[in-house]
Every structure is written in structure tokens, then in C-alpha cells.
Amino acid sequence: MDNLFNVRMRAAKGGAHEEGGRHISGGELITTHEELRKQIHRLVDKAFAHSRGMPDFFQVKVEVIESPLSFVPPLSPIHYVVPSVLKGRLLAKKRLATCGINDLVIEKAFQLLEEHSHVRGALIIDAKTGERLDKNFDRGVRVSAFSWKEQSYEEWLSRHRLTKQERMKDAVALASKVCAHPWTVAEVCWSDDPDYVTGYVASSTFGYERISHMKKRGDERGGRLLFVENYDETYLRYLEEKPVWIGWEELG
Ligand code: WAQ
Ligand code: MG
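The residue count restarts for each chain, going from 1 along the sequence in the order it is written. Each chain takes a letter, starting from A, and each ligand takes a number, starting from 1, following the order in which they are written. Local features in this predicted model are restricted to residues of pLDDT 70 or higher, and side-chain atom pairs are both shown and tallied only at a pLDDT of 80 or more, whereas totals for entire chains, interfaces and linings draw on every residue. Hydrogen atoms and water are omitted, and side-chain values are computed over all heavy atoms in the structure.

Geometrically, a metal with four donors at the corners of a regular tetrahedron has ideal angles of 109.5 degrees, and one with six donors at the corners of a regular octahedron has ideal angles of 90 or 180 degrees. Ligation of the magnesium ion (ligand 2) by protein atoms is provided by D192 (OD) and D193 (OD), these donors lying 2.0 to 2.3 Å from the ion. A relative accessible area of 7% means that D193 is categorised as buried. Note that water is not among the atoms considered, so a metal site may appear incomplete; the donors listed are N, O and S atoms within 2.8 Å of the metal, with 3.2 Å applied to Na, K and Ca. Exposure categories follow from relative accessible area, calculated using a 1.4 Å probe and restricted to protein chains: below 20% of the type maximum is buried, above 50% is exposed, and the middle band is partly exposed.

The following block contains the structure:
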């Protein structure tokens, strides 16, 4: 009964995603057998009480994890409060530029994100050219097989004087896994949920940089861009399959 499971959920309206349904919600986590029922319940609640609407397609996939888990330490957070969406987007672009990405590449990538806000995963972007590298046009790449170690999460909160916030917890975990790979230059994200306007830029150098306003309230367009300096099958497998704990190994 020591098995761990990778759990992935996706929900859509108007049929399954591959049949043209509109993405409502997704979720991924690692759990023990003991916690499995509770975690699946949480995913049901997440999908069926969603601000993007009521799904008519819901799928949960549970797979046993075969390989041992390694630890990825969480990124440190910084919070920028900006007075407008315009300023938020501008700041995000500046932070990406500080990671060494060219302005034209950033503009091109933001344009791509706007044209692909229906995609349920991340767009992988060549950090040198701004070209999209993944070939899953309507799906993008879903980062999976990661979860916080609860003790590390508590420690991270207290170190940074933060209170529990489910959405930030999930986003920091995902960004920490993504940025731990040496080929990742930076990530930028804002939600596709109409009521959530905070977004972030993440990188291994500068950490998790939260930006208070990345879009207008009510806007259902969001997404994720991963800027990479290299891309192949092993990178894709790292994002989708390599199981990692977010936390510090010494805390267990
Ligand atoms: N892998 C890759 N891309 C994903 C994944 C994933 N596991 N989950 C979501 N996405 C993409 C997808 O295109 C979504 O449309 C988009 O990201 C936004 O997802 O306060 O809630 O889950 O510090 O709506 C960030 C700020 C919140 C949190 C992000 O994103 C904070 C958020 P959502
Ligand atoms: Mg969403």
C-alpha cells in the first residue's frame, strides 16, 4: 500500500477536448492510496464548481508511479502590485527580458498566447526565435507528476510570511518543476478563469514573480508560455512524466 499515484483531471463543455469541447478545468497531483479518494473528490469539486462553466465531459486518469521521486526545492516568491493590466503586462515583459529573452521574441510569444488561449496546456517557445516548438496545437503540454510535500509547504509559507492560498500553491509547484530543468529559461502565466487576474513570471534565477494584474476581470483568456533554450523528447517527458516532490528533502 506504499504506492504513489499520479492523478490527472480534465473537464470540458460541449464534449471532450478532442471533439471540440471548450476547456473548463484541469488538475494534476500525486497522492498516496490512502488519500486517493479525498483527492479525486477535490478534483470533482474543482471541475464542477468552476467559473468557466459547468462541464459535460470529465475525465480522471490515475496511474501508479513506477520510478522513484526526486526533490525540487520551491521557488521563492516576490509580489509586485501594479495599478493596471497594461502595467502588469509591461512588467511581465520586462522581467522576461531580464532573463535574457529578446523583446521581439517576447512580443511574438505574447501574440501566440493570445491566438491560442483555448489551449489547455502550455505553449513551448524557442527563447531565441519565438517559434512555437510543441506540436500539440490545441492541447499544448500539460506539466504533470508533481506535488508539494506538505511539511515543506508549511515551511515555505512561514519563511515568506504568507498564508495558505490554494491557487498560488499549485502555481508555485508547477513553476518550480518547470524552472528546475536547465533548458527552461522562464515561464509566464495568467489564468483562463474569468475571476482570477493575478499572474506570474518564473525563472530559476529570479524565482516566482507574482504580478497583481495580468488581465481584466471577466476575461476568459489565459495561458502559459515556457521559454526554452533547447527542446526534445526528454524535455517533454520531464515535464509530463518525471515524478517530483516540491520541497526540501531534509524536511521529508
Ligand atoms: N501544465 C501546463 N499548462 C497548464 C497546466 C499544466 N498542468 N495547468 C494549466 N495550464 C495552462 C492552461 O493553458 C491554462 O489555460 C492556463 O495555464 C491557466 O491555468 O496567485 O490559476 O490553472 O500566485 O487557470 C497564477 C497566479 C494562477 C497564482 C494561474 O492558472 C498566484 C492559474 P490556470
Ligand atoms: Mg483555469
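Next comes the rest of the description.
Next up on the list: helix α3 (residues 103–115). Helix length check: α3, at 13 residues, gives a terminal C-alpha distance of 19 Å against a target of 18 Å (1.5 Å per residue), a fit within 8%. You can read the cap of α3 off the contacts: a side-chain oxygen lies 2.8 Å from the backbone nitrogen of L104, and it is on N102. What counts as a helix is a DSSP run of H or I of at least four residues, what counts as a strand is a run of E of at least two, and both are numbered from the N terminus. Helix span, as expected, comes to 1.5 Å for every residue beyond the first. Here a polar contact is recorded for every N or O atom pair within 3.5 Å, except that within protein the pair must consist of a potential hydrogen donor and a potential acceptor, and residues adjacent in sequence are included only if both atoms are side-chain atoms.

On the secondary structure map, T31 appears in strand β2 (residues 22–32). Judged by relative accessible area, T31 falls into the buried class, the value being 3%. Setting aside chain neighbours within four positions, we find T31 in contact with N3, L4, F5, V7, L36 and Q39. Throughout, a contact is declared for two residues whenever any of their heavy atoms are within 4.5 Å.

The strands making up a sheet are joined through hydrogen bonds of the backbone, oriented either antiparallel or parallel. Here we have 3 strands laid out as an open sheet, ordered β4-β12-β7, and parallel in their pairing. Pairing within the sheet leaves two strands with one partner each, and these edge strands are β4 (70–72) and β7 (146–148). For this sheet, the mean angle separating the axes of adjacent strands, direction not counted, is 30°. The criterion for strand pairing is that DSSP finds at least two bridges linking the strands in question. By the bridge criterion, 3 bridges tie β4 to strand β12 (residues 244–246) in an arrangement that is parallel. Bridging across to β12, S70 finds its partner in V244. For helices, the fitted line uses only the C-alpha atoms of the stretch in contact; every axis is such a line through C-alpha atoms, and the angle between N-to-C directions lies from 0 to 180 degrees.

The analysis is restricted to geometry; functional conclusions fall outside its scope.
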